[in-house]
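These are the residues of each chain, in order.
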Amino acid sequence: MSTARERPPQALLEVRDLHVAYGKAEVVHGISMDVRAGEFVVMLGRNGAGKSTLLHAVSGLVPKRAGKVRFEGRDLSHASPRDIVKAGIVQVLEGHRVFHTLSVEDNLLIGTYARHPGGDRAKLDRIYTLFPELAEKRHQMASRLSGGQQQILAVGQGVIGDPKLLILDEPSGGLAPIVIDRILAVASDLCASGLAILLVEQLVEKALRHAQYGYLVETGRIAAAAFSDELREGDLLHRVFLGGAAPSRRWLYD
Ligand SMILES: Nc1ncnc2c1ncn2[C@@H]1O[C@H](COP(=O)(O)OP(=O)(O)O)[C@@H](O)[C@H]1O
Ligand SMILES: [Mg+2]
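Note that the coordinates shown come from a computational prediction; the quantities given were computed from them, not determined experimentally.

Considerations on the overall build of the protein
Within the protein, the regular secondary structure consists of 11 helices and 10 strands. Only carbon and sulfur atoms are counted for the fraction: they give 53% of the accessible area of the protein, which is about 11500 Å².

Here it is, written out as structure tokens:
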């Protein structure tokens, strides 16, 4: 029985037949995917499948060999990283990268300059409301934060620029489950307030609980695209992640 469900009609990010190579080695072989206005979309796939490469190509951080990237109908295929950020796409890179020798607040202010020069109090206050743990530590050096707090700071740095699409690349990387729960809950709240989210995550079960729609990436190609509950119920996920090996339950189910 087919469901009558449909994704939101308005396209935000449209990736079409994207190819990305490092030197001669192509690792993204013609990916097409969308994030619609107001959606929380997750990309799943094994390590090395090409997920980060796809995100970097969208953000203009690696060159595209072929294909198109449109955002709000505008062709950004050849835009600079700076213009892509200005258009409203902000990516939080893998590995909670923040400036260790700056205070929490200065790290956040850097995020405001990315899109709207002249960081202001209201923006900081919004981030401190979203993340009270950052408010407490606003004058501390980022190096003194725990890994989880640094990741939250990295997300805050992305959010403060007021993006239309926030891209999160494996925010759970090396962190305690409680931290990723917190980050995914905040991402869901932000999505409910109108910000679209594109998440790459290895904690499949957690990610599918928050996202509405998901893509499965297998060696540089889209192997499946479906609503989250359909992906959870299907056996394709297991095939892609487990590949016939003994189930790694921790990996799949947090
Ligand atoms: N800077 C790079 N130079 C060369 N090869 C790379 C580079 N970054 C990633 N790769 C290769 O591209 C493939 C896809 O990597 P990546 O996009 O990081 O995958 P994922 O994020 O899904 O784990 C892998 O085979 C990886 O080794
Ligand atoms: Mg990656």
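Details of the sheet that holds strand β6 (residues 89-92)
Through backbone hydrogen bonds, the strands of a sheet pair up, either in parallel or in antiparallel fashion. Spatially, six strands are ordered β6-β7-β8-β3-β9-β10 in an open sheet, and the strand pairing comes out mixed. Two strands bound the open sheet, and with one partner strand each, they are β6 and β10 (221-227). For this sheet, the mean inter-axis angle between neighbouring strands, taken without regard to orientation, is 15 degrees. Of the pairings in the sheet, the one linking strand β7 (residues 165-169) to strand β8 (residues 196-200) comprises five bridges and is parallel in character.

Concerning the sheet that holds strand β2 (residues 25-36)
Pairing is antiparallel across the open sheet formed by four strands, whose spatial order is β2-β1-β4-β5. Each of the sheet's edge strands pairs with one partner strand only, and the pair in question is β2 and β5 (74-75). Taken together, the nine bridges between strand β1 (residues 11-22) and β2 define a ladder with antiparallel strand orientation. Residue pairing across strands places Val20 opposite Val28, the latter belonging to β2. Running over the sheet, helix α1 (residues 51-58) touches β1 and β2 and is turned about 115 degrees from β1.

Section: the site of ligand 1
Around ligand 1, a shell composed of Tyr22, Val27, Arg46, Asn47, Gly48, Ala49, Gly50, Lys51, Ser52 and Thr53 is seen. Tyr22 is positioned such that a nitrogen or oxygen atom in its side chain is 3.4 Å from a nitrogen atom of ligand 1. With respect to ligand 1, the side chain of Thr53 contributes an N or O atom lying 2.5 Å from an oxygen atom. The protein chains hide 56% of the 560 Å² of surface that ligand 1 would expose on its own. For the shell around ligand 1, the leading source of residues is α1, giving three residues. Looking at side-chain class alone, the shell around ligand 1 contains three nonpolar, five polar and two charged residues.

Describing the side chain of Asp169
Residue placement: Asp169 occurs in strand β7. Lys51 provides the closest opposite charge to the buried, unpaired Asp169, separated from it by 6.9 Å. A distance of 2.7 Å separates polar atoms of two side chains, one belonging to Asp169 and the other to Ser52. If near-sequence neighbours (up to four positions away) are discounted, Asp169 is found in contact with Ser52, Leu55, Gln91, Val92, Leu93, Glu94 and Val200.

Description of helix α4 (residues 121-130)
Turning to α4, its buried residues are Leu124, Ile127 and Tyr128. In an axial view of α4, the angular spread of the buried residues amounts to 100 degrees, which keeps them on one side of the axis. α4 presents Ala122 and Thr129 as exposed residues on the side facing more than 90 degrees away from its buried surface.

Observations concerning the pairing of strand β3 (residues 40-44)
Taken across its five residues, β3 has five buried, putting it largely inside the fold. Judged by which residues are buried, β3 turns out to be covered on both faces: Phe40, Val42 and Leu44 on one side and Val41 and Met43 on the other are all buried.

Quick look at the side chain of His19
Topologically, His19 is positioned in strand β1. Here Asp17 takes part through its side chain, which lies 3.2 Å from a polar atom of the side chain of His19. In terms of polar contacts, His19 uses its side chain to reach the side chain of Glu26, at 3.0 Å. If sequence neighbours within four positions are ignored, His19 has contacts with Glu26, Val28, His29, Gly30, Lys64, Arg65 and Ala66.

Each value, and the rule that gives it
- Residues numbered from 1 in each chain as written.
- Chains lettered and ligands numbered in written order.
- Predicted model: local features only at pLDDT ≥ 70, side-chain atom pairs only at ≥ 80, totals over all residues.
- Heavy atoms only, no water.
- Helix = DSSP H or I, 4+ residues; strand = E, 2+ residues; numbered from the N terminus.
- Areas by Shrake-Rupley, 256 points an atom, 1.4 Å probe, with all protein chains shown as cover.
- Pairing = 2+ DSSP bridges.
- Axes fitted to C-alpha atoms, helices over the stretch in contact; angles between N-to-C directions.
- Contact = heavy atoms within 4.5 Å.
- Near = heavy atom within 4 Å.
- Polar contact = N/O pair within 3.5 Å; in protein donor to acceptor, adjacent residues only side chain to side chain.
- Nonpolar A, V, L, I, M, F, W, Y, C, P; charged D, E, K, R; others polar.
- Buried < 20%, exposed > 50% of the residue type's maximum accessible area, 1.4 Å probe, protein only.
- Lys, Arg positive; Asp, Glu negative; His and termini not counted.
- Salt bridge = Lys/Arg side-chain N within 4 Å of Asp/Glu carboxyl O.
- Arc of directions from axis to C-beta.

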